[in-house]
Amino acid sequence: MRRLAIPALAVLVALGAAACSGDPGTGDFKSEAEEYIEGDLADAPELAGALSFSDASCEEPTATDIGTTYDCTATGSDGVAYTLTVSITGENELTVSGIDPPLSIDAPTATTTG
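Procedures and definitions
Residues numbered from 1 in each chain as written. Predicted model: local features only at pLDDT ≥ 70, side-chain atom pairs only at ≥ 80, totals over all residues. Heavy atoms only, no water. Disulfide = S-S within 2.5 Å. Helix = DSSP H or I, 4+ residues; strand = E, 2+ residues; numbered from the N terminus. Buried < 20%, exposed > 50% of the residue type's maximum accessible area, 1.4 Å probe, protein only. Expected span 1.5 Å × (residues − 1). Core = buried A, V, L, I, M, F, W, Y, C linked by side-chain atoms within 4.5 Å. Contact = heavy atoms within 4.5 Å. Pairing = 2+ DSSP bridges.

**Thoughts on the state of the cysteines**
And then number 1: The full count for this structure, using the stated rule, is one disulfide.
And then number 2: The partner cysteine of Cys58 in its disulfide is Cys72, sulfur to sulfur 2.0 Å. Of note, the bridge from Cys58 to Cys72 carries an S-S torsion of about 105° and is right-handed in sense. Taken together, the positions of Cys58 in strand 3 (residues 53-58) and Cys72 in strand 4 (residues 69-76) put the pair 14 residues apart, joining distant regions of the chain.
And then number 3: Residue Cys58 is classed as buried on the basis of its relative accessible area, which comes to 5%.

**Overview of helix 2 (residues 26-38)**
And then number 1: Here helix 2 is 13 residues long and its end C-alpha atoms lie 19 Å apart, about the 18 Å a rise of 1.5 Å per residue gives.
And then number 2: Those residues of helix 2 not exposed but buried are Phe29, Glu32, Ala33, Glu34, Tyr36 and Ile37.

**Details of unusual backbone geometry**
And then number 1: Note the cis peptide between Asp100 and Pro101, where omega equals 0°.
And then number 2: Structurally, Pro101 is set in the loop between strand 6 (93-100) and strand 7 (103-107).
And then number 3: Notably, Asp55 is not glycine yet its phi reads approximately 55°, a positive angle.
And then number 4: Tracing the sequence through the fold places Asp55 in strand 3.

**Focus: the nonpolar core**
And then number 1: With 20 residues, the main nonpolar core has Ile37, Phe53, Tyr70 and Leu84 as its most contacted residues.
And then number 2: Those elements that provide at least two residues to this core are helix 2, strand 3, strand 4, strand 5 (81-90) and strand 6.
And then number 3: Once you skip the residues sitting within four places of it in the chain, Tyr70 turns out to touch Phe29, Lys30, Ala33, Cys58, Glu59, Pro61, Leu84, Thr85, Val86, Ile88 and Leu94.

**A look at the side chain of Ser87**
And then number 1: Its place among the elements puts Ser87 in strand 5.
And then number 2: The contacts of Ser87, once residues within four sequence positions are left out, are Thr68, Thr69, Glu93, Leu94, Thr95 and Ser97.

**As for the pairing of strand 5**
And then number 1: As defined by bridge partners, strand 4 adjoins strand 5 across seven bridges and the pair is classed as antiparallel. Among the inter-strand pairings, Ala74 is bridged to a residue of strand 5, identified as Tyr82.
And then number 2: In this structure, the hairpin formed by strand 4 and strand 5 is closed by a connection of four residues, where Gly79 is found at a positive phi of approximately 85°.
And then number 3: Here strand 5 pairs with strand 6 via seven bridges, running antiparallel. Bridge pairing links Thr85 to Gly98 in strand 6.
And then number 4: Here strand 5 folds back onto strand 6 in antiparallel fashion, the turn holding two residues.

Shown next as structure tokens:
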């Protein structure tokens, strides 16, 4: 097996409850990112490998404008503390767009016979 470094994640998340009650506030983006990092991000093995996250804590973004970025921290199931970069990409959407330190996942080595 070879190891692949995953330098950044690009995961689009639609805000759930906030979208139903009007425009989401900065606190909505903060809490939605925390919930996603601790839950559904682990369901994207092509992005997070076999890693899951706990104890997610996000800064509250300074605005809800598209393009606003903010950081979250979380502990990986490997015991490493990660910083994840989150970007607001729509009125009710955010994207987990980076992770530090970069993830490495095991990938099968392709072989061919001739």
